[in-house]
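# Fold and geometry: a report
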Amino acid sequence: MSSIRALAEELAARGNDSLRRLFAARSDLIAPGVPDFAALAARACARLSLQRALETLSKPQLEVLEALVLTTDEDEGRSGSAVELRHAVGSATLGTLDSILAELSQLALTYRADPPDSIHSASGSRRRYYQPVARVREVLGSYPAGLGRCYTELTAVSAFFAERAAGIVNAIPAATPQQQQVEHHIAAAYALERWAGLPEALDGAPSRTREVLEKFTNWPVGAVPHAEARVRPGRRTENPVDWLLSHGLLVPIDDEHVELPRPVGLALRGGRIVPELSLEPPAPPTATTSVALRRNAALGAIGELLRLVSGLAVDAAERPIETLRAGGVGIRELRRLTSGLRAEADQTVLALELAAAAGIITLDVDTSTWRATAAEEWLALSRPDQWLLLATSWLDTARVPTLAMSSEGGAQLAPLAGEGQRPDAAAVRRRILEVAAELSAEADAPEGRACVVSPGDIRARFEWAQPRLARRLRGLLEGVLAEAAMIGFTGSDAVTHVGAAVLRGDFDSVRTLLEEILPPSVDRILLQADLTAVAPGYLEPALARRLALLADAEGRGPATIYRFSAASLRRALDAGEDAASISEFLVQHAETGVPQPLAYLVDDTASRYGRIRVGRAGSFVAGDDEATIAGLLREPAAQQLGFTQIAPSVVVSNATPQEVATVLRELGHAPAVDSSLEPVVRLRRVRGAAAPGLPTPAPRPAVPNPDDVEAQLNILRNQSAVSSNGDEVAPMLGIETLQKAIRLKRAVRLNIVDALGNSTVEELRPVSISAGRVRVFDPERETERVLSVHRIIDVELA
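All of these numbers come straight from a predicted model, not from anything done at the bench.

Another aspect to go through is the overall build of the protein chain. Of regular secondary structure, the protein chain possesses 33 helices and 24 strands. Relative to the 2.2 N^0.38 estimate, which gives 28 Å for 798 residues, the radius of gyration of the protein chain is 38 Å and therefore markedly larger than a compact globule would have. Overall, the C-alpha framework of the protein chain stretches about 125 × 75 × 60 Å when taken along its three principal axes. In the protein chain, which comprises 798 residues, the proportion classed as buried is 45%. For the protein chain, long-range pairs separated by at least 24 residues make up 65% of all intrachain contacts whose partners lie at least 6 apart in sequence.

What follows is the structure, encoded as structure tokens:
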């Protein structure tokens, strides 16, 4: 029976609780929903779904599954049970293996199968036998458990080895019984299969041969230059690599790479596929740091991050952030922002990425600039809500900010460039932090101490808990931990309480904790006689913006120093301030009064300001009669022109002369347009859409949704048929039949549809299948053809 149909029958026989556990572990099986159990089984056997499921397996589960794959054969009807696996897996009891096999079956990675033909006794019938579901072997790859392929497979993939296999066997007297000569490569492969696993296979080998073989213990493929030229059967050599190649214990798969055959690998492991089952996870770390040090480090990181993002929002609101033609923020613009924010370049990069992820700044496609479309909404949030928004945005973004940060090696991307993202970044980032939190919870840290989690600790736990997912940590682990420290998820390499609460989705606790540890913003400043002001903490947003307009910030940190100067005061006067408003602001917020030098500077700068005025106008209106101009200014219909009187008989407007003349004519005047003067028209265009507003942080919804699970169960239980040939099932069954025909080297009858919809039935021999295409051999034409899988509507073994 097809493995898909067998799995469908098994799923239909399960109870609802078992199906709920399956959907909780593999939520993609019901996203979207399936019509019946056959479609559910087909989706469970899909390559992508299997890849996701295998990434959730722990090391012992994966080792048992790989051992089951290597000890079973669906085509030969050879299934496996805990009894057979006990001989292939070291340090494992029958109870442990039975438990792990049941877990794999619950995940729909295996299905219950009949015992092998050789086992039909009453005692054997009590055992539970399993087979891996379709395509598990394909997803695991060519080297499950780190073992190479058998000799028969190697002769099929390497024409060079197939030609020389017989010569290798004939040159080894112990490889053939009664020293019979072997002529065909298949017979040679079987002979090597028997001989290579024997202990005496290494008799007469040069010194250090076993040392060379031990390099292939965990992975069967290695690099050997000119490997094919070093195969010389029957010749004596003291080079261990040449000896292994000449005796078939290493097989060249091309001129630069060799593979250790499976019988040799098993012999090196003492005949076991898994020498020792890893049942216990690595011990949690023992290094600790003080809770106070962790709190202070996280508090400093959180405060600095909020200062940088707020400063970036204000800066981008006044001056949009320019981008490169190829995308991203250039080094010159990055330096400008870094200087203005008084930060390190890496801190500016993180602030840019987080501001974009949170929607504080958005890309204006018309001008290719980043604009602060939600700066006001951001500055109006409380500090706990600001940090929570940044933290959740960072967890869920597909971008990797560290790719744009300075590094000792490798290319550095531009911040906000399109290349700075990975599709799996959000999932891997969250899982890294969850593992760090789990290690911290498991560690028995003394009171007043916090567990320090290093990248090595996280990598070791990943290698045990999710070994296939651990491969994705490359290029992400160190960067994620560095970003987590800059955001406040960790402090002194220890997971903080607020970081753990965000991972749990307990946002109320996050706000409560941050309100307790974050110092409140202040609305008072210390004015000094040297024309400086000291902010004794984090200023309220409105006060910080007003003070930044009046003075220039110096230094870094929460206690920022602002220096007043004539230039900074003129900047405020240009923005509409005057001496009275500046003095009132300083008196209102000064802790100890306004020093006399600062008061003199304000009055002196304001007194000299505005003696010469510079403005902008698109047109002017001059009249001979002052009364006419005064009446024009009182006209309600003329208010749209925005007249400004600069002399008793002269007014100016930002409108063009033609627009002014049109309005004046409507009012009954007869203006004369002076065409000798070219007006300067500067009408500001507001670009970009209105600010969409900031997202509201919310805990991640349960996946899958309980209501969706119950709805799916109702659909499945209401279907009377266990199997069907729907749109999702039929292609999977066809691919499964084609793969079986390839393994057995049998012909199939294919019902093929051409571009016009005409169907023909042909008997062909499939050779390989990949990427939606199947390569077949046509015995009538004696040629090979390539067919699209979607053109095949029916497949059956000939």
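Let us look at the packing of helix α16 (residues 291-318) against helix α18 (residues 345-358). Helix packing geometry: the angle between the two helix axes and the distance between the axes. Between α16 and α18, the shortest axis-to-axis distance is 9 Å and the interhelical angle comes to 70°. Considered as vectors, α16 and α18 are oriented roughly perpendicular to each other. Here α16 runs over α18; the crossing is right-handed. For the pair α16 and α18, contact is made by Glu304, Leu305, Leu308, Val309 and Leu312 and by Gln347, Leu350, Ala351, Leu352, Leu354 and Ala355, respectively. Along the lines of polarity and charge, the residues of the contact of α16 with α18 split into nine nonpolar, one polar and one charged.

Turning next to the pattern of salt bridges. Tallying each qualifying case throughout the model produces 40 salt bridges. Between Glu163 and Arg164 there is a salt bridge whose closest N-O contact spans 3.3 Å. The class for Glu163 is exposed, based on a relative accessible area of 61%. In this structure, Arg511 and Asp385 form a salt bridge, with 2.7 Å as the shortest nitrogen-oxygen distance. Placement of the pair is Arg511 in helix α25 (residues 507-517) and Asp385 in helix α20 (residues 383-396), with a sequence separation of 126 residues. Judged by relative accessible area, which is 24%, Asp385 ranks as partly exposed. Put simply, Glu55, Arg422, Asp424 and Arg472 are held in one network by salt bridges that share partners.

Turning to the packing of aromatic side chains, a few remarks are in order. Each pair of aromatic rings is reported with the distance of its centres and the angle of its planes. Using the criterion set out here, one finds four aromatic pairs in the structure. Seen from their ring centres, Tyr143 and Trp219 are 5.2 Å apart, and the 75° between their planes marks the pair as edge-to-face. Taken as a pair, Tyr143 in the loop between α9 (136-140) and α10 (151-157) and Trp219 in the loop between α13 (209-214) and β3 (221-223) lie far apart in primary sequence, 76 residues in all. Of the residues examined, Tyr143 reaches a relative accessible area of 16% and is grouped as buried. Residue class for Trp219 comes out partly exposed when judged on its relative accessible area of 46%.

Taken N-terminus to C-terminus, the directions of helix α1 (residues 3-13) and helix α3 (residues 37-44) make an angle of 120°; their axes are 8 Å apart at the nearest point. Relative to α3, the element α1 lies oblique. Between α1 and α3 lies a crossing whose hand is right-handed. Residues Ile4, Leu7, Ala8, Leu11 and Ala12 of α1 touch α3, and the partners they reach there are Phe37, Ala38, Leu40, Ala41, Ala42 and Ala44. In terms of residue class, the contact of α1 with α3 is built from 11 nonpolar, no polar and no charged.

With that settled, the discussion passes to the nonpolar core. The biggest cluster of nonpolar side chains holds 74 residues, and the ones touching the most others in it are Trp378, Trp387, Ile458 and Phe489. No other element matches α16, which puts nine residues into this core. Those residues within four positions of Trp378 in sequence are excluded, and the remaining contacts are Leu306, Val309, Ser310, Ala313, Ile360, Gln386, Leu389, Leu390 and Leu694. Grouped together as the second largest cluster of nonpolar side chains are 60 residues, Ala38, Ala39, Leu97 and Met732 included.

Spatially, β17-β19-β18 is the arrangement adopted by the three strands of the open sheet, whose pairing is antiparallel. Strand pairing shows two members of the sheet lacking a second neighbour, β17 (619-622) and β18 (644-647), which therefore form its edges. Averaged over all neighbouring strand pairs, the angle between strand axes comes to 30°, with direction disregarded. Inspection of the sheet shows β17 paired to strand β19 (residues 650-653) by four bridges, in the antiparallel sense. In the sheet register, Ser619 faces β19, and the bridge partner there is Ser653. Each of β17, β18 and β19 touches helix α30 (residues 626-634); the most contacted strand, β17, lies at about 130° to it.

Once that is clear, we can look at the environment of Leu154. Mapped onto the fold, Leu154 is located in helix α10. Owing to a relative accessible area of 0%, Leu154 belongs among the buried residues under this scheme. Leu154 sits 97 residues away from Val251 along the chain, and the two C-alpha atoms are 7.7 Å apart. Once residues lying within four places of it in the same chain are set aside, the contact partners of Leu154 are Arg149, Phe161, Val251, Ile253, Glu259 and Pro261.

Taken together, the six bridges between strand β22 (residues 773-778) and strand β23 (residues 783-788) define a ladder with antiparallel strand orientation. Bridge pairing in β23 places Arg773 opposite Ser788. Linking β22 to β23, which pair antiparallel, is a turn of four residues; within it Glu782 sits at a positive phi near 55°.

Between its first and last C-alpha atoms helix α5 (residues 59-71) spans 18 Å; for 13 residues at 1.5 Å apiece the expected length is 18 Å, and the two agree. With respect to burial, α5 is a largely interior element, 11 of its 13 residues being buried. Taken together, the buried positions of α5 are occupied by Pro60, Gln61, Leu62, Glu63, Val64, Leu65, Glu66, Ala67, Leu68, Val69 and Leu70.

In this section: the confidence of the model for the protein chain. With 93% of its residues at a pLDDT of at least 70, the protein chain reaches an overall mean of 87. In the model, residues 677-691 has pLDDT below 50 throughout and makes 17 contacts with residues more than four positions away in sequence or in other chains.

Here is what the cut-offs are and how they apply
- Residues numbered from 1 in each chain as written.
- Predicted model: local features only at pLDDT ≥ 70, side-chain atom pairs only at ≥ 80, totals over all residues.
- Heavy atoms only, no water.
- Helix = DSSP H or I, 4+ residues; strand = E, 2+ residues; numbered from the N terminus.
- Rg over C-alpha atoms; globule rule 2.2 N^0.38 Å.
- Buried < 20%, exposed > 50% of the residue type's maximum accessible area, 1.4 Å probe, protein only.
- Contact = heavy atoms within 4.5 Å.
- Axes fitted to C-alpha atoms, helices over the stretch in contact; angles between N-to-C directions.
- Parallel < 35°, antiparallel > 145°, perpendicular 65-115°, else oblique.
- Left-handed = near helix turned anticlockwise from the far one by under 90°.
- Nonpolar A, V, L, I, M, F, W, Y, C, P; charged D, E, K, R; others polar.
- Salt bridge = Lys/Arg side-chain N within 4 Å of Asp/Glu carboxyl O.
- Phe/Tyr/Trp six-rings, centres within 6.5 Å; stacked < 30°, edge-to-face > 60°.
- Core = buried A, V, L, I, M, F, W, Y, C linked by side-chain atoms within 4.5 Å.
- Pairing = 2+ DSSP bridges.
- Expected span 1.5 Å × (residues − 1).
- pLDDT = per-residue confidence, 0-100.

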